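# Descriptive analysis of the structure
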Amino acid sequence: MQSRFVRAEAEAMVARYGEAGVPRDLALRVYTTRLLGADPRLVLHGGGNTSVKTRMPDLLGREVDVLCVKGSGADMAIIEPTGLPAVRLTELRLLRTRDALSDEEMVRVQRANLIDPMAPNPSVETLLHAFMPHKFVDHTHATAILSLIDQPDGEARAVELYDGRMGIVPYIMPGFALAKRAADIYEANSAAVGLILHKHGIFTFGESAQAAYERMIEMVSLAEARLRRGRRAAFATAPLPQAVMSLADAAPIARGACALKDPSGAHRRLILEFRSGKAILNFVNGAQVKRYATAGVVTPDHTIRTKNWPLVLEAPQEGRAAEFAVSAAAAATSFMENYRRYFARHNARCGGAKKMLDPLPRVVLVPGLGLFGLGRSKKEARIAADLAETAVETITDAEAIGRFESISEADMFDCEYWSLEQAKLGAAKELPLAGQIAVITGAAGAIGFAAAEAFAGAGAEVALLDVDEAGARAVAKAVGGAALAARCDVTDAASVRAAFAAVAAVFGGVDILVSNAGAAWQGRIGEVDEAILHRSFDLNFYGHQRVAQASVRIMLAQGTGGCLLFNTSKQAINPGPNFGPYGLPKAATLFLARQYALDHGADGIRANAVNADRIRSGLLTDAMIAERAKARGLSGAEYMSGNLLGREVTAEDVAQAFLAQALALKTTADVMTVDGGNIAAALR
Ligand SMILES: [Zn+2]
């Protein structure tokens, strides 16, 4: 591992922040914190922390000694000076004389001594930073260090490698007790330039930002060199099926197994993020994968994101979907039973007041394929997958030089159910469609865009399909987050198959379909060319059927129900003159929704339709509006609001109707009219 410290870059950051009034010490602290944060071999996703001891004026203008320390949960890679709140150092150090201090009390004292009362909570490792005498203190969970010390004899290995240059601290959960013990160990050997925290990570010290940072690089490099010596061969591989199932086929089965049905029949689902590659396959294909993969977390920080152990599935064989579904469901059920027992066991030990988190796995290993990170959003799933990849690397290297060993189950529980760690995850109320995947066709159009915004706003991950791929991409960009855009021509069965395979591979499955792609053809029915009718049926009926069937195939593999939503039209109920070529397939599509409701209700799949009229869109352009208004002797606005309520109906109104149908869990075979009132088109 090479130092990435560049003096000119550091000085440029000092100059830039200096203009905003940020002192030099803090600007340099930001610079090297970002260097550490940018390397996933050192820290990931809010792990690790840094500090600098300096002087600054308090709110009354009096110069005081402060510790600027990373805020709890902040991401080091993108940290700003405000992400390192300043705490009064003298007061923090007074705590050293205490015999004990609860976590809640520690947070109160830290907050009470913030210079800026609006600043974020200082890191839970603040006191460890404060008790060290050095100006700059850096802390990471470096992968190479963890491979070295996550061993039954990890402390002895660290003593041997660092030869007195690093203090060795036994495993203690982060907080006051760890800070006190670390300070005692440092003071017993003040020649140490850092600390190894057994089964947790590494601290390095320095009088300058560069010195503390480069010591981190040096110590991690020594561990990396040690890992290259005396390695055993790679894991012995377990036998695998000749042909392994595709990711697109396996993902919905794995996802369905990792869902919870609540008493009302609703499902709690997770989003998937797939990872594979040589190192991951070597790990998941190992004959002993269950032993080393389920031995515990590589550093306590991970437990809240990945749980303590992954779910290990059997290798899925091509063409044997039913067997894989049975074995995956059995493995997931046993995982959840184990989790509930683990919770009950340790909750009893802790007084019985803890509230159980959901028992679903957050990492799933699939021999022959790779691994999945799981989360209530794509973002969470990616974090779990990143941490899982780090665990693969750490455990692989630990096993190459010895035997991987984690902290005890009780220690892991204490971290997973630690009030301060729980606070990091945020107590924000979840959106109603969190954990669900919505596919929207015709996504580049006005209603598609409005539906994408409505479903993403309700917490779903959205997959945006359109024959106009650039248009779908533009909508995905506008929606933001993890929105997926893919080309899909709903009149082409192969294109539909490819698009749904892409959605299953990216998110793990499909829960909601908004079948919206369509186009209008006209012609007097007694004279119209049959080719026009065929074209319209291909798009306005078969297009809906193809995407609905592709969705149902995935929904059945998941076994967690689903919701099909069809955009029909006023024409399906109340034909307009010369609109037969459009209205006929739309009427068939209205019937299609009812047929799906009937045939797949027992599978928990609902099917509903929205009957909308006069929406400004690609089907009803401003030019068409002007033409029709003129023919009726009306203005454009009068034409658009020519309904019982006298108000124009928008694409957003249609999107809200789809969303309402998706959220109405006991509603199927429903047709919702969104037309401002047109009594001739009212259903009877
Ligand atoms: Zn740590």
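Overview of the structure.

Rules and cut-offs
- Residues numbered from 1 in each chain as written.
- Predicted model: local features only at pLDDT ≥ 70, side-chain atom pairs only at ≥ 80, totals over all residues.
- Heavy atoms only, no water.
- Helix = DSSP H or I, 4+ residues; strand = E, 2+ residues; numbered from the N terminus.
- Buried < 20%, exposed > 50% of the residue type's maximum accessible area, 1.4 Å probe, protein only.
- Contact = heavy atoms within 4.5 Å.
- 1 Å grid on protein atoms, 1.4 Å probe; cavity = no way out; pocket = protein on both sides within 12 Å on 5 of 7 lines; lining within 4 Å.
- Points joined across faces, edges and corners; volume = space filled by probe spheres on them.
- Nonpolar A, V, L, I, M, F, W, Y, C, P; charged D, E, K, R; others polar.
- Donors = N, O, S within 2.8 Å, 3.2 Å for Na, K, Ca; no water.
- Tetrahedral: all angles 85-135°; square planar, octahedral: opposite > 155°, others 65-115°.
- Salt bridge = Lys/Arg side-chain N within 4 Å of Asp/Glu carboxyl O.
- Axes fitted to C-alpha atoms, helices over the stretch in contact; angles between N-to-C directions.
- Parallel < 35°, antiparallel > 145°, perpendicular 65-115°, else oblique.
- Left-handed = near helix turned anticlockwise from the far one by under 90°.
- Pairing = 2+ DSSP bridges.
- Right-handed = clockwise from strand over helix to strand, strands pointing away.
- Expected span 1.5 Å × (residues − 1).
- Disulfide = S-S within 2.5 Å.
- Core = buried A, V, L, I, M, F, W, Y, C linked by side-chain atoms within 4.5 Å.

## With respect to the overall build of the protein
Scanning the protein from terminus to terminus reveals 25 helices and 20 strands. Its C-alpha atoms give the protein principal-axis dimensions of roughly 100 × 65 × 50 Å. Looking at the protein residue by residue over its 684 residues, the buried ones come to 55%. Within the protein, contacts between residues separated by at least 24 positions form 73% of all contacts whose residues are at least 6 apart in sequence.

## What about empty space enclosed by the protein?
Enumeration according to the criterion identifies three cavities of 30 Å³ or more in this entry. Taken together, the elements giving at least two residues each to the lining of the largest cavity come down to strand S12 (363-366) and helix H15 (378-401). Looking at the lining of the largest cavity element by element, the count peaks at five residues for H15.

## Some details on the layout of surface pockets
The volume enclosed by the second largest pocket comes to roughly 1,100 Å³. Contributing to the lining of the second largest pocket are 44 residues, with Ala520, Tyr582, Ser617, Leu619 and Leu620 lying nearest its centre. Elements with a contribution of two residues or more to the lining of the second largest pocket: helix H18 (446-457), strand S15 (461-466), strand S18 (562-569), helix H22 (580-600) and helix H23 (622-631). Along the lines of polarity and charge, the residues of the lining of the second largest pocket split into 19 nonpolar, 16 polar and nine charged.

## As for the coordination of the zinc ion
Only Glu125 (OE), His139 (NE2), His141 (NE2) and His200 (NE2) from the protein coordinate the zinc ion, and they sit 2.1 to 2.8 Å from it. One can describe the donor arrangement at the zinc ion as irregular, given that its four donor atoms subtend angles of 77 to 170 degrees at the metal. In primary sequence terms, the donor set of the zinc ion follows E-x13-H-x1-H-x58-H. Here His141 is found in the loop between strand S4 (136-140) and helix H6 (143-149), whereas its partner His200 is found in the loop between strand S6 (194-197) and strand S7 (201-206), with 59 residues between them in sequence.

## Observations concerning the pattern of salt bridges
Counted by the stated rule, this structure contains 42 salt bridges. Close ionic contact of Arg473 with Glu469 constitutes a salt bridge, the shortest N to O distance being 2.5 Å. Here Arg473 pairs with Glu469, and both are found in helix H19 (residues 469-479), just four residues apart, close to one helical turn. According to the relative accessible area criterion, Arg473 is partly exposed, its value standing at 47%. Judged by its relative accessible area of 28%, Glu469 falls in the partly exposed class.

## Here we look at the packing of helix H10 (residues 247-257) against helix H14 (residues 321-349)
The N-to-C vectors of H10 and H14 enclose an angle of 30 degrees; their axes lie 8 Å apart at closest approach. One finds that H10 runs roughly parallel with respect to H14. Judged by the twist between their axes, the crossing of H10 over H14 is right-handed. In contact with Ala250, Ile253, Ala254 and Ala257 of H10, H14 contributes Ala321, Phe324, Ala325, Ala328, Ala329, Ala332 and Met336. Class assignment of the residues belonging to the contact of H10 with H14 gives a composition of 11 nonpolar, no polar and no charged.

## Considerations on the sheet that holds strand S19 (residues 605-612)
The strand order across the open sheet formed by seven strands is S16-S15-S14-S17-S18-S19-S20, and the pairing between neighbours is parallel. Of all the strands in the sheet, the pair left with one neighbour each is strand S16 (484-487) and strand S20 (671-674). Neighbour to neighbour, the strand axes of the sheet diverge by 20 degrees on average, direction disregarded. One ladder, built from four bridges, connects S19 with S20; its direction is parallel. Looking at the pairing, Asn611 lines up with Thr673 of S20. The sheet strands contacting H22 are S18, S19 and S20, and the helix crosses S18 at an angle near 160 degrees.

## Thoughts on the pairing of strand S17 (residues 512-515)
Side chains of S17 alternate between two faces, with Ile512 and Val514 and Leu513 and Ser515 buried alike. Bridge count for strand S14 (residues 437-441) against S17 is three bridges, and the pairing is parallel. Its bridge partner lying in S17, Ile440 is registered against Val514. Examined bridge by bridge, S17 and S18 share four bridges and lie parallel to one another. Of the residues in S18, the one forming a bridge with Ile512 is Cys563. Handedness of the crossover joining S17 and S18 through helix H21 (residues 530-558): right-handed.

## Digging into H15
Here H15 is 24 residues long and its end C-alpha atoms lie 35 Å apart, about the 34 Å a rise of 1.5 Å per residue gives. Among the 24 residues of H15, 18 are classified as buried, and the element is accordingly described as predominantly covered.

## Some thoughts on the state of the cysteines
Evaluated as defined, the whole model comprises zero disulfides. There is no disulfide at Cys350, and the cysteine sulfur nearest it, in Cys415, is 11 Å away. On the accessibility criterion, Cys350 (31% relative accessible area) is partly exposed.

## A closer look at unusual backbone geometry
Phi at Lys199 takes a positive value of approximately 60 degrees, unusual for a residue other than glycine. Within the secondary structure, Lys199 is located in the loop between S6 and S7. Note on Lys199: relative accessible area 8%, which makes it buried. Positive phi, close to 60 degrees, is recorded for Lys307, a residue that is not glycine. Positionally, Lys307 belongs in the loop between helix H13 (303-306) and strand S11 (311-312).

## Looking at the sheet that holds strand S13 (residues 370-375)
Within a sheet, each strand pairs with its neighbour through backbone hydrogen bonds, oriented either parallel or antiparallel. Sheet architecture is open: four strands sit in the order S10-S13-S12-S11, paired in mixed fashion. Strand pairing shows two members of the sheet lacking a second neighbour, strand S10 (271-275) and S11, which therefore form its edges. In the sheet, S10 pairs with S13 via five bridges, with the strands oriented antiparallel. Residue Phe274 lies in a different strand from S13, and its bridge partner there is Phe372. Against the sheet, H10 touches S10 and S13, its axis set at about 135 degrees to S10.

## Focus: the pairing of S16
Looking along a regular strand, one sees side chains alternate from face to face of the sheet. Note that S15 and S16 share four bridges and pair parallel. Within S16, the position partnered with Leu465 by the bridge is Ala486.

## Describing the nonpolar core
Ranked by internal contacts, the top residues of the largest apolar core, which has 50 residues, are Leu42, Cys68, Ile145, Tyr162, Ile196, Ile202 and Val220. Those elements giving two or more residues to this core turn out to be helix H1 (7-19), helix H2 (24-37), strand S1 (49-57), strand S2 (63-69), H6, helix H7 (154-162), strand S5 (166-169) and helix H9 (209-228). For this core, the element with the most residues is H9, which contributes nine residues. Among residues more than four places away in sequence, those in contact with Leu42 are Met1, Leu36, Thr140, His141, Ala142, Met216, Ile217 and Val220. Membership of the second largest hydrophobic core comes to 41 residues, among which are Val439, Phe507, Val510 and Met555.

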